Amino acid sequence: MALKKKSKIFVLDTSVILFDHNAIFAFDEHDVAIPISVLEELDNLKKGSENKNYEARQFIRTLDKIAENKDLSKWILLTNKKKGKISVVFNSNGLKKSAVKIFNEDTKDNRILDTALYLNEQNPNQQVVFVTKDINLRLKAKSLQLIAENFEFGNIKNVDQLPTGVITYSDMENDCIAELHKDGVLKVDKKKHKFINPENNYYILKSAKGNSALAYYNAFNNTLENIQKTTSFGVSSRNAEQTFAMHALMNEDKKLVCLQGVAGTGKTLLALSCAMEMRKEYKQIFLARPIVALGNKDLGFLPGDISSKLDPYMQPLWDNLKFIQNQFSDRSKEYKLINQMIELEKLTISALSYIRGRSLSNIIFIVDEAQNLTPHEIKTIITRAGEGAKFVFTGDVKQIDTPYLDEKSNGLAYVIDKFRGEKIFSHIQLVKGERSTLANIANRLL
């Protein structure tokens, strides 16, 4: 007879709730405890337009719906499926070992740790696990001999194995490359062309005789299509990966495109220039980026009205737009067109937290610095896509500015992993910096 698994009580820190307000449903049949200090912290965060404020509000509403007229200080069922239970824990008095006393500081973090210690003492027949996205808090918990874990729901297991979107194949038959250049298209023979992988749409093909071609695998037609370097609204591709990126951005079949790469590889610039090139096909171009406040301080920390508070965060997007505009004479129709589109709000730049409630149909939606989004935020954005919408996410999974995200848990890596192999999706990893020689050397050495 198999031994019954020991049930667990998962004690959640505030950082877990702010990462995903539905986190309480991720622990299957086990119980979930919410320290009262967490609830108080969420109450202080419920007002505001940033994502953490939204997550706090949603969690409070979710908990209220679960509780209804029940006593939350007792263990109540999380769902009607009779699985795990949930409780808000108030009491942590009379502890044999107290974080507040040991660390000699009465902080919210230490009171949350005391709740976990209390549950550990009161429930010897259950395994108590403290869950937090805060690395330092996990270390403090472990120093108190608590079991402490990161909240890894939705994490990517093998970030280094994510598709790059581009494959270099050096054994292509010379006559196939010649056919590609002549006809522009080549029917794929699955037995002959085994290097084709639906997770990677773009190919650098080379033959033993030194001939080469850039190609796109069209999964809809099962063909390889020849690609040439191109220009979009004054911006030209400078390497193979940029050529592939521009093709994906202007490909009507690709409703979702991700561009990943280090600073200076042209991610945002290419996305914006291609959007301008396709402006007649969409009613609006919308550029947004998540706000990561300086020193993790709220926007209220900055002086001025909301517009002046947001300006520093949006400036890189305006810089890219100005660069495109400066490819033309200030008297040209292209130069004036950009100003007109801004005035008519056909081209809009805004903080991502201010797009809720907007219609996302028949627009090009470009999200910059997408590595600073959570998987839940990415899902929220994409699932609101209306008819005729195209979504573009740009970023670098190794340059994360938010404290509770990493290479495995950020939204950009998440969407690349989940959409891999889908016909309407393309991902291109840009590898060569084109900003300047200095920037390239800095990326390599620093």
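Heads up: the structure comes first, above all this text.
Below or above, wherever it landed, is the structure these notes cover. (Residues numbered from 1 in each chain as written. Predicted model: local features only at pLDDT ≥ 70, side-chain atom pairs only at ≥ 80, totals over all residues. Heavy atoms only, no water.)

**Some points on the nonpolar core**
Membership of the largest hydrophobic core comes to 47 residues, with the highest contact counts inside it found for Leu12, Ile24, Ile34, Ile86 and Phe130. At six residues, helix H5 (residues 108-122) tops the list of elements feeding residues into this core. Setting aside chain neighbours within four positions, we find Ile86 in contact with Ile24, Val32, Ile34, Leu63, Ile66, Lys74, Trp75, Ile76 and Leu78. Listed in part, the 44 residues of the second largest apolar core include Ile227, Met276, Tyr282 and Met341. (Core = buried A, V, L, I, M, F, W, Y, C linked by side-chain atoms within 4.5 Å. Buried < 20%, exposed > 50% of the residue type's maximum accessible area, 1.4 Å probe, protein only. Helix = DSSP H or I, 4+ residues; strand = E, 2+ residues; numbered from the N terminus. Contact = heavy atoms within 4.5 Å.)

**Brief notes about the environment of Arg289**
Considering the arrangement of structural elements, one finds Arg289 in strand E15 (residues 284-289). Using a relative accessible area of 10% as the deciding quantity, one classes Arg289 as buried. Along the primary structure Arg289 and Ser353 are separated by 64 residues, whereas in three dimensions their C-alpha atoms are 8.4 Å apart. Not counting chain neighbours up to four residues away, the residues in contact with Arg289 comprise Tyr313, Met314, Pro316, Leu317, Ser350, Ala351, Leu352, Asp368 and Glu369. Side-chain polar atoms of Arg289 contact the side chain of Asp368, separated by 2.9 Å. (Polar contact = N/O pair within 3.5 Å; in protein donor to acceptor, adjacent residues only side chain to side chain.)

**Remarks on the packing of H5 against helix H6 (residues 135-143)**
Between two packed helices, both the angle of their axes relative to each other and the distance between the axes serve to describe the pair. Running from N to C, H5 and H6 cross one another at 45°; their axes reach a closest spacing of 11 Å. Overall, the two elements H5 and H6 adopt an arrangement that is oblique. Note that H5 runs across H6; the crossing there is right-handed. Residues Asp109, Asn110 and Leu113 of H5 pack against Leu137, Lys140 and Ala141 of H6. Looking at the contact of H5 with H6, its residues break down into three nonpolar, one polar and two charged. (Axes fitted to C-alpha atoms, helices over the stretch in contact; angles between N-to-C directions. Parallel < 35°, antiparallel > 145°, perpendicular 65-115°, else oblique. Left-handed = near helix turned anticlockwise from the far one by under 90°. Nonpolar A, V, L, I, M, F, W, Y, C, P; charged D, E, K, R; others polar.)

**Regarding the side chain of Ser98**
Topologically, Ser98 is positioned in the loop between strand E4 (85-89) and helix H4 (99-102). Within the structure, the side chain of Ser98 is placed 2.9 Å from the side chain of Asp114, a separation counted as a polar contact.

**Regarding the sheet that holds strand E16 (residues 347-351)**
Within the open sheet, the six strands sit side by side as E16-E15-E17-E18-E14-E19. Their pairing is parallel. The open sheet has two edge strands, E16 and strand E19 (425-430), and neither has a second partner. Each strand axis lies, on average, 15° off the axis of its neighbour in the sheet, ignoring direction. Across the face of the sheet, helix H8 (residues 240-249) comes into contact with strand E14 (256-261), strand E18 (390-395) and E19 while running at roughly 155° to E19. On the sheet, helix H13 (residues 411-419) packs against E14, E18 and E19 and is oriented at approximately 125° with respect to E14. (Pairing = 2+ DSSP bridges.)

**What to know about the packing of helix H2 (residues 36-45) against H5**
Between H2 and H5, whose axes approach to 9 Å, the crossing angle comes to 145°. Across the interface between the two elements, Ser37, Val38, Glu41 and Asn44 of H2 pack against Lys108, Arg111 and Ile112 of H5. Taken together, the residues that form the contact of H2 with H5 break down as two nonpolar, two polar and three charged.

**Re unusual backbone geometry**
Although it is not a glycine, Glu68 sits at a positive phi angle of roughly 50°. Since its relative accessible area comes to 57%, Glu68 is described here as exposed. At Glu345, a position not held by glycine, the phi torsion is positive, near 60°.

Honestly, it's all geometry; don't read function into it.
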